[in-house]
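Fold and contact review
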Amino acid sequence: MQEAIRLARENLDLNHGGPFGAVVVRAGAVVSRGWNQVTSTFDPTAHAEIVALRAAGHALGRFCLDDCELYTSCEPCPMCLAAAYWARIPVVYYAGTRADAAAAGFDDDLFYAELARPMAQRMMRMVPLLREEAEKVFEAWRAKSDKIPY
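Anyway, here's the lowdown on the structure attached to this text. (Residues numbered from 1 in each chain as written. Predicted model: local features only at pLDDT ≥ 70, side-chain atom pairs only at ≥ 80, totals over all residues. Heavy atoms only, no water.)

A few points about the overall build of the chain
The condition that has to hold: Helix and strand definitions here come from DSSP, where helices need a minimum of 4 consecutive H or I residues and strands a minimum of 2 consecutive E residues; each element is numbered from the N-terminal end. Residue exposure (1.4 Å probe, protein chains only): buried if accessible area is under 20% of the type maximum, exposed if over 50%, otherwise partly exposed. Exposure was quantified through the Shrake-Rupley algorithm and a 1.4 Å probe, taking into account, for residues, occlusion by the shown protein chains and nothing else. Counted as positive: Lys and Arg. Counted as negative: Asp and Glu, with His and the chain ends omitted from the count. Charge positions come from single atoms, namely NZ of Lys, CZ of Arg, CG of Asp or CD of Glu.
Per the secondary structure count, the chain includes seven helices and four strands. Sequence-ordered secondary structure for the chain, helices as α and strands as β, is α-β-β-α-α-β-α-β-α-α-α. Across its three principal axes, the chain shows a C-alpha extent of roughly 50 × 40 × 25 Å. For the chain, with 150 residues in total, the buried portion stands at 31%. For the chain, the accessible area works out to roughly 9800 Å², and carbon and sulfur atoms hold 60% of it. Separation of charge centres in the chain, based on 16 positive and 19 negative side chains, amounts to 5 Å.

Some points on helix α4 (residues 78-86)
The criterion, for reference: We call two residues in contact whenever any of their non-hydrogen atoms come within 4.5 Å of each other.
Residues of α4 that are buried: Pro78, Cys80, Ala83 and Ala84. On its buried face, α4 sits against α3 (48-60), β3 (68-74), β4 (91-96) and α6 (108-116). Backbone geometry just after α4 places Arg88 at a positive phi near 65 degrees.

Quick notes on the packing of α3 against α4
Axes are the key here: two packed helices are described by the angle between their axes and the distance separating the axes. To keep it simple, the criterion reads: To define axes, lines are fitted to C-alpha atoms, for helices over the stretch in contact only, and angles between the resulting N-to-C directions are given on a 0 to 180 degree scale. Angles are sorted into four bins: roughly parallel if under 35 degrees, roughly antiparallel if over 145, roughly perpendicular if 65 to 115, and oblique for all others. For any helix crossing, the convention is left-handed if the near helix is rotated counterclockwise from the far helix by under a right angle, and right-handed if that rotation is clockwise. Three residue categories are used. Nonpolar comprises Ala, Val, Leu, Ile, Met, Phe, Trp, Tyr, Cys and Pro, charged comprises Asp, Glu, Lys and Arg, and polar comprises the others, including Gly.
Relative to each other, α3 and α4 sit at 20 degrees, their axes nearing to 9 Å. Taken together, the axis directions place α3 and α4 in an arrangement best described as roughly parallel. The element α3 and its partner α4 pack so that their crossing is left-handed. Note on element contacts: α4 touches α3 through Met79, Cys80, Ala83 and Ala84, opposite Glu49, Ile50 and Leu53. Looking at the contact of α3 with α4 residue by residue, the classes come out as six nonpolar, no polar and one charged.

As structure tokens, this is what we get:
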């Protein structure tokens, strides 16, 4: 956890992004590090946890990180939490809370609240289009004999 917090502070001081750091650990060893790079890379998905998870996948040569742990300087936002689920991370350790992030001016709490609302009540409109065409692609996936499930 100290490394995640150190990364948050160091990269904040370097103006690489927001005050967030993350570390992926496997069997007690650091596999990857990440820090917020949203403003320095112009990538709204470049949160510390996402950067660390991507790096861990590359380092280990796999997308399933079910034998790893994620240490993050702050409770993950919904995007990062979902990414940890997709990576099959079994445990996430965090220092600051989403309330701390909100007090510092970050939208984490807003997004958690938005996702809890019914789709029709959210700020962002969701408009379904061409479902039948999309279903054909899912049919092809189901029939694909050499797919790699995840």
